[in-house]
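# Structural overview
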Amino acid sequence: MKILVLNCGSSSIKYQLFDMSDRSVLAKGGIEKLGMKGSFLKHKRGGEAAVFFDGEILDHKAGVEYILGVLTSEKYGSLKSLNEIDAVGHRVVHGGEFFSSSELITDEVVAALVRCTSLAPLHNPPNLRGIEAMQELLPGAPQVGVFDTAFHQSMSPVAFMYGIPYVLYEKYGVRRYGFHGTSHRYVTQRACEILNRDFLTQKIISCHLGNGASIAAVSNGKSADTSMGFTPLEGLIMGTRSGDLDVGAVTYIMEQEEIGLKSANLLFNKHSGMLGLSGVSSDMREIEQAAADGNDRARLSLDIYNYRVKKYIGSYIAALGGLDILIFTGGIGENSDSTRRGILNNMEFLGIEADESRNAGSHGKEQIISKDGSRVTVMVVPTDEELMIALDTEKIIGQG
Ligand code: ADP
């Protein structure tokens, strides 16, 4: 079975074509600067070098058409005909309270997604455009929606409600939803597979540390809590997002700086986090380099980053009533041994005993980084959201 996974953003479309018989990636790539001058498609077949195609790619439909054209082209393609695509899996950012698992896309599902648009005005519309384009261009292939929020729908109201008037939840759905659910689900399941443990019995904390970052507490195979909330702004300090912040500070800054909603949104989403703190970059590698070169603010921002993650781990151990597995994933979690070291130090009293040489040697591959006798198994598990989407799609169309 061949499954195409599509991730449509406002100015980008990423794709991966899987052969599910051995879960291999036949081709992958993406369009960037969609709808802008200089838009291009980067395409990579199997292990071959990437090829680039320039073109005026004006909208999602044109983008999807372009991708399908390359996938079936004689020179760069992996398919003889589009009929070989058995199904399409879509990454969808917000499924609101409608979806607690992946779903075959039907008219009802599309209608529910349209209703979720106000919750994710930047993300859901491009996701919907990708679905519409595929329905038009590949009418024979079933499509499946895999939602970033779905895994966290198992959170109880105790974890997902904010301390604001209840009516605001009833009227507008203001509550914590959480994101990165597909990644947290993949790495927690994968960790149990690697360790040969029953997913349904384990208490797991997974730290997804990428440009966006979130941490999830998983118990009995279900998400019990996660650090992102109503929007992906809450929780950990991220590349450009502030993470947790006193609402009083927000209104005070808006008043002092005389800025409105739009500017405040930009300030806390795009100019804060590690970029705002360090003054160097939002990119962890550059901040680490600056700190190594003696930049004190860069050093401080790394310490603040690690401290926030450590605090969340502590609070989630309390929430779960213990811990069996602690996972690091995402570009930073998978690759930055110094970040992991900074987070994991002095955690022995909680049964978390990192092995320094295992940690130092772990970059981008599945590996246990705790000592053999550590009560909590600490692991690096590279995330693979696209594979998870393909697996869900395969499962759902297999049921149909
Ligand atoms: P996204 O959320 O956009 O998918 P990624 O998961 O790719 O982001 O993570 C990007 C982050 O990972 C960047 O801050 C980058 O600097 C960091 N990163 C990648 N490789 C390393 C490395 N070897 N050491 C430290 N940080 C790294």
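Scroll up to find the structure.
Throughout what follows, the structure given in this document is the object of discussion. (Residues numbered from 1 in each chain as written. Predicted model: local features only at pLDDT ≥ 70, side-chain atom pairs only at ≥ 80, totals over all residues. Heavy atoms only, no water.)

### A look at the overall build of the chain
Threshold: Note on conventions: DSSP H or I runs of at least 4 residues are helices, E runs of at least 2 residues are strands, and numbering of each starts at the N terminus. Based on C-alpha atoms, the radius of gyration is set beside the globule rule, defined as 2.2 Å times the residue count to the power 0.38. Burial classes: relative accessible area under 20% of the type maximum marks a residue as buried, over 50% as exposed, and values in between as partly exposed (1.4 Å probe, protein chains only). Residue contacts are defined here by distance: any two heavy atoms, one from each residue, within 4.5 Å place the two residues in contact. Under the convention used here, Asp and Glu are negative, Lys and Arg are positive, and both His and the chain ends fall outside the count. We put the charge of a Lys on NZ, of an Arg on CZ, of an Asp on CG and of a Glu on CD.
Counting its regular elements, the chain contains 15 helices and 14 strands. Relative to a compact globule of 400 residues, whose C-alpha radius of gyration would be 21 Å, the chain shows 21 Å and is just as compact. Projected onto its principal axes, the C-alpha coordinates of the chain cover approximately 60 × 55 × 45 Å. Split into buried and exposed, the 400 residues of the chain put 50% on the buried side. Taking as baseline every contact in the chain between residues at least 6 positions apart, the subset at least 24 positions apart corresponds to 62%. Charge centroids of the chain, computed over 39 positive and 48 negative side chains, lie 2 Å from each other.

### Observations regarding the layout of surface pockets
One way to see where empty space is left: roll a probe the size of a water molecule over the atoms. Defined as follows: Only protein atoms enter the calculation, which uses a 1 Å grid: trapped sets of points that fit a 1.4 Å probe without letting it out are cavities, open sets showing protein on both sides within 12 Å along at least five of seven lines are pockets, and any residue with an atom within 4 Å of a point is a lining residue. Grid points are joined across faces, edges and corners, and a volume is the space filled by probe spheres set on the points. As a working rule, the residues Ala, Val, Leu, Ile, Met, Phe, Trp, Tyr, Cys and Pro are called nonpolar, Asp, Glu, Lys and Arg charged, and the rest polar, with Gly in that last group.
For the second largest pocket, the calculated volume is near 520 Å³. In terms of lining residues, the second largest pocket is bounded by 24 residues, among which Arg185, Gln189, Met388, Asp392 and Lys395 are the most central. Take the lining of the second largest pocket: its biggest share by element is seven residues, from helix H15 (residues 385-399). Of the residues that constitute the lining of the second largest pocket, the class distribution is nine nonpolar, eight polar and seven charged.

### Description of the site of the ligand
Applied cut-off: The cutoff for a nearby residue is simple: one of its non-hydrogen atoms must lie within 4 Å of the molecule or strand. Within 3.5 Å is the distance limit for a polar contact, defined as a pair of N or O atoms, with the added protein rule that one can donate a hydrogen and the other accept it, and that residues adjacent in sequence qualify only through two side-chain atoms. Here the open area of atoms and residues is found with the Shrake-Rupley method and a 1.4 Å probe, where only the protein chains shown may cover a residue.
The ligand sits among 13 residues. The nearest are Asn211, Asp283, Met284, Arg285 and Gly331. At 2.6 Å from an oxygen atom of the ligand is found a side-chain nitrogen or oxygen belonging to Asp283. Considering the ligand on its own, with 580 Å² of exposed area, one finds that the protein chains cover 67% of that surface. Broken down by secondary-structure element, the contributors of at least two residues to the shell around the ligand are helix H10 (284-292) and helix H12 (330-335). Residues belonging to the shell around the ligand are distributed by class as follows: two nonpolar, eight polar and three charged.

### Some remarks on the packing of aromatic side chains
Here is the rule we go by: The aromatic pairing rule takes the rings of Phe, Tyr and Trp, using the six-membered ring of Trp, and pairs them if the centres are within 6.5 Å, calling planes under 30 degrees apart stacked, those over 60 edge-to-face and the rest tilted.
One pass over the full model with this rule turns up eight aromatic pairs. Note on Phe99 and Phe147: the rings are 4.3 Å apart at their centroids and 5° apart in plane angle, and the pair reads as stacked. Within this pair, whereas Phe99 is found in the loop between strand E6 (87-92) and strand E7 (103-104), its partner Phe147 is found in strand E8 (residues 143-147), the two being separated by 48 residues in sequence. Each ring, one from Tyr177 and one from Phe230, has its centre 6.2 Å from the other, and the planes form 45°; the classification is tilted.

### Brief notes about unusual backbone geometry
In the Ramachandran plot, Asn220 falls in the positive-phi region, its phi being about 55° despite a non-glycine side chain. Tracing the sequence through the fold places Asn220 in the loop between strand E10 (213-219) and strand E11 (222-226). Taking the relative accessible area as the measure of exposure, Asn220 reaches 48% and is therefore partly exposed. One non-glycine residue, Glu258, lies in the positive phi region at around 50°. By the secondary structure assignment, Glu258 is in the loop between helix H7 (247-257) and helix H8 (261-270).

### Here's the deal with the pairing of E8
Rules: Pairing between two strands is assigned when DSSP locates at least 2 bridges connecting them.
The element E8 is largely enclosed, with a buried count of five among its five residues. Burial along E8 is two-sided: the face carrying Gln143, Gly145 and Phe147 and the face carrying Val144 and Val146 are both buried. Where E6 and E8 come together, five bridges link them in parallel fashion. Residue pairing for E8: Gly89 is matched across the bridge by Val144. Pairing geometry for E7 and E8, over two bridges, is antiparallel. From the neighbouring strand, Glu103 faces E8, where its bridge partner is Gly145.

### A word on the pattern of salt bridges
Stated precisely, the cut-off is as follows: When a carboxyl oxygen of Asp or Glu is within 4 Å of a side-chain nitrogen of Lys or Arg, the pair counts as a salt bridge.
Tallying each qualifying case throughout the model produces 15 salt bridges. A salt bridge links Asp283 to Arg285; its shortest N-O distance comes to 3.4 Å. Under the relative-accessibility criterion, Asp283 is labelled partly exposed at 23%. Given a relative accessible area of 64%, Arg285 falls into the exposed group. Residue Asp337 is joined to Arg341 by a salt bridge in which the shortest nitrogen-to-oxygen separation is 3.0 Å. One end of the pair is Asp337 and the other is Arg341, both in helix H13 (residues 337-344) and four residues apart, which spans about a single turn. Exposure remark for Asp337: the relative accessible area of 19% places this residue in the buried category. Three or more residues are tied together by salt bridges with common partners; here these are Arg176, Asp225 and Glu234.

### Re the side chain of Gln202
Position of Gln202 relative to the elements: it lies in the loop between helix H6 (181-195) and strand E9 (203-209). The residues touching Gln202, leaving out its near neighbours within four places in the chain, are Cys192, Arg197, Val218, Ser219, Asn220, Asp324 and Ile325.

### Thoughts on the sheet that holds E11
Strand order in the open sheet formed by six strands is E11-E10-E9-E12-E14-E13, and the pairing between neighbours is mixed. Strands with a single pairing partner mark the edges of an open sheet, and in this sheet they are E11 and strand E13 (367-368). Relative to strand E14 (residues 377-380), strand E12 (residues 325-329) is paired through four bridges, and the arrangement is parallel. Directly across from Ile325, in E14, lies its bridge partner Thr377.

### With respect to the packing of helix H1 (residues 60-71) against helix H3 (residues 124-137)
Packed helices, taken two at a time, are described by their axes: the angle between them and the distance between them. This is how the line gets drawn: Fitted lines through C-alpha atoms serve as axes, helices being fitted only where they are in contact, and the angles separating the N-to-C directions of these axes extend from 0 to 180 degrees. Our angle categories are set so that under 35 degrees counts as roughly parallel, over 145 as roughly antiparallel, 65 to 115 as roughly perpendicular, and the remainder as oblique. Two helices crossing with the near one rotated counterclockwise from the far one by less than a right angle form a left-handed crossing, whereas a clockwise rotation gives a right-handed crossing.
With their axes 9 Å apart at the nearest point, H1 and H3 run at an angle of 55° to one another. In terms of their interaxial angle, H1 and H3 are classed as oblique. Helix-helix and strand crossings are classified by hand; for H1 and H3 the assignment is right-handed. For the pair H1 and H3, contact is made by His60, Lys61, Val64, Glu65 and Leu68 and by Pro126, Arg129, Ala133, Met134, Glu136 and Leu137, respectively. Considering only residue class, the contact of H1 with H3 consists of six nonpolar, one polar and four charged.

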